[in-house]
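# Coordinate analysis (summary)
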Amino acid sequence: MEKLILFCKSYDKDMYRARRMAESVQRFNLDNIPLYLSVPLKDLDGFKKTFGDIPCHFITDETILEKSYLAYGKIPKLYPSHLMQQLIKLEFWRMNLCNNYVWLDSDSYFIKPFKITDFFYDEDTPYTICHESKELRQFSSRHNKEIIEKFENLAKKMQGLFNRSGPCYNFGYPALIWSCRVLKGLYEDYLKPNNKTIYEILYKYPCEMQIYGEFLLHSQLIPVIPIEPMFKFFHYAEQFFESQMKGESEFSLSKNYFGIVMQSNWTTIKVKKKTRTRLKIFFRKLFRQLHLLRFD
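Rules behind the numbers
- Residues numbered from 1 in each chain as written.
- Predicted model: local features only at pLDDT ≥ 70, side-chain atom pairs only at ≥ 80, totals over all residues.
- Heavy atoms only, no water.
- Helix = DSSP H or I, 4+ residues; strand = E, 2+ residues; numbered from the N terminus.
- Buried < 20%, exposed > 50% of the residue type's maximum accessible area, 1.4 Å probe, protein only.
- Phe/Tyr/Trp six-rings, centres within 6.5 Å; stacked < 30°, edge-to-face > 60°.
- Core = buried A, V, L, I, M, F, W, Y, C linked by side-chain atoms within 4.5 Å.
- Contact = heavy atoms within 4.5 Å.
- pLDDT = per-residue confidence, 0-100.
- Pairing = 2+ DSSP bridges.
- Axes fitted to C-alpha atoms, helices over the stretch in contact; angles between N-to-C directions.
- Polar contact = N/O pair within 3.5 Å; in protein donor to acceptor, adjacent residues only side chain to side chain.
- Expected span 1.5 Å × (residues − 1).
- Arc of directions from axis to C-beta.
- Salt bridge = Lys/Arg side-chain N within 4 Å of Asp/Glu carboxyl O.

## Quick look at the overall build of the protein
If you tally the helices and strands in the protein, you get 13 helices and 10 strands. Burial statistics for the protein: of 296 residues in total, 52% are counted as buried.

## A short note on the packing of aromatic side chains
Per the counting criterion, the structure on display carries 23 aromatic pairs. Pairing Phe162 with Tyr190 gives two aromatic rings, centres 4.9 Å apart and planes at 65 degrees, and the pair type is edge-to-face. Residue Phe162 is found in the loop between helix H6 (145–161) and strand S7 (176–179), and its partner Tyr190 is found in helix H7 (residues 180–191); the two are separated by 28 residues along the sequence. Residue Tyr190 is classed as buried on the basis of its relative accessible area, which comes to 13%.

## Things to note about the nonpolar core
Counting residues in each nonpolar core, the largest one holds 87 residues, and the members touching the most others are Phe92, Tyr101, Phe114 and Phe119. Per-element accounting of this core gives the leading share, 7 residues, to H7. Residue contacts for Phe119: discarding those within four places in its chain leaves Leu4, Ile33, Val102, Phe114, Pro126, Tyr127, Ile177 and Met230. Membership of the second largest hydrophobic core comes to 7 residues, among which are Tyr109, Ile111, Leu253 and Ile260.

## Examining the confidence of the model for the protein
Mean pLDDT over the protein stands at 89; residues scoring 70 or higher make up 88%. With pLDDT under 50 throughout, residues 286–296 is counted as low confidence; its partners more than four residues away or in other chains account for 1 contact.

## Thoughts on the sheet that holds strand S10 (residues 259–262)
Read from one edge to the other, the open sheet built from 3 strands follows the order S5-S10-S9, with strand pairing classed as mixed. Each end of this open sheet is capped by a strand with a single partner; those strands are strand S5 (108–110) and strand S9 (231–234). Neighbour-to-neighbour, the strand axes of the sheet open up by a mean angle of 15 degrees, direction not taken into account.

## Examining the sheet that holds strand S1 (residues 5–9)
The 5 strands lie next to each other as S3-S2-S1-S4-S7, forming an open sheet whose pairing is mixed. On the outer flanks of this sheet lie strand S3 (57–60) and S7, each paired with one strand and no other. Here the average twist between neighbouring strands, direction ignored, is 30 degrees. Lying over the sheet, helix H2 (residues 44–51) contacts strand S2 (35–39) and S3, oriented at roughly 165 degrees with respect to S3. Contacts between helix H4 (residues 81–91) and the sheet are confined to S1, S2, strand S4 (100–104) and S7, with S1 contributing the most and set at about 165 degrees to the helix.

## Quick word on the side chain of Glu91
Topologically, Glu91 is positioned in helix H4. Residue Glu91 is classed as buried on the basis of its relative accessible area, which comes to 2%. Polar side-chain contacts of Glu91 include one of 2.7 Å to the side chain of Ser68. Non-local contacts of Glu91, meaning those with residues more than four positions away in its chain, are made with Ile64, Ser68, Tyr72 and Ile198.

## Description of the environment of Gln220
As for its position among the elements, Gln220 is in the loop between helix H9 (208–219) and strand S8 (226–227). C-alpha of Gln220 to C-alpha of Val182: the two residues are 38 residues apart in sequence and 8.5 Å apart in space. Here the side chain of Gln220 touches Leu217 through a polar contact of 2.9 Å, landing on its backbone oxygen.

## A look at helix H3 (residues 61–72)
With 12 residues, H3 extends 16 Å from end C-alpha to end C-alpha; this agrees with the ideal 16 Å at 1.5 Å per step. Within the span of H3, buried status applies to Asp61, Ile64, Leu65, Ser68 and Tyr72. Taken end-on, H3 shows its buried residues confined to a sector of 95 degrees, consistent with a single buried face. Next to the buried residues of H3 lie S1, S2, S3, H4, H7 and helix H8 (198–204). Just downstream of H3 lies Gly73, where phi reads positive at about 90 degrees.

## Points about the pattern of salt bridges
Counted according to the given criterion, the structure contains 12 salt bridges. Note that Asp118 and Lys115 form a salt bridge whose closest N and O atoms lie 3.7 Å from each other. Assessed through its relative accessible area of 18%, Asp118 is described here as buried. Put simply, Asp12, Lys42 and Asp43 are held in one network by salt bridges that share partners.

## Some points on the pairing of S3
When S2 meets S3, the two strands line up parallel, connected through 4 bridges. Its bridge partner being in S3, Leu37 is matched across the sheet by Phe58.

Structure (structure tokens):
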């Protein structure tokens, strides 16, 4: 069994983003950590053809979900598709391929060399992404206070799952280092004794990152060694434009981050109306600031 593997859940619409991610793994993976990609069975041939000779172990979503069926029974009908993706990430541990896995999103990619020790505090203890969202708070205060308000509402709800009080911690963003021991404990020590399923927990508390993190704090199954996010995560287009205006590049970001995530909900060619309106407001404010600076 591997000490650590890289894992990504993808599907046909993210196929070329996933290829970019896999190419970055191939380029920067100093210890040849195995990369596993889970895709729907219907997309498998397309992914294999698109990836060509890029090193990657493919596995189907259906194979992972079969393991869940054995533990919990069939998934309820009309279960939300976005939760299905989160479910697969949470249940991958059942494949018994590794002791820990770093899960990546298709829209992420590495920007500098990495090795197994970069993900571990010591020989057996993986780091845990756990922080107070300072960067997102700053961005929210400049552009939209609802952003951090929504996160805090979610985080407080997630704390209630295990009756924790105190600070609102953020256990994201990918790349995330998850311990199979913790995920197995979630099943054996919490869900099974309380006659609950991961399906209902995820439906009531729809954030896989927070479920993992809050259970880890609750259970202490492994030492919690918190670190800030390992990847620079551009949630919104405005964050990316601000970064560009600061002169940031992959080279400069690589001093503090191992990779970049360009969230696909705003990088697609067809921009949603709300995003388009938000960007108009952003650029209007920017041009106004530039105009004032010019005449000061």
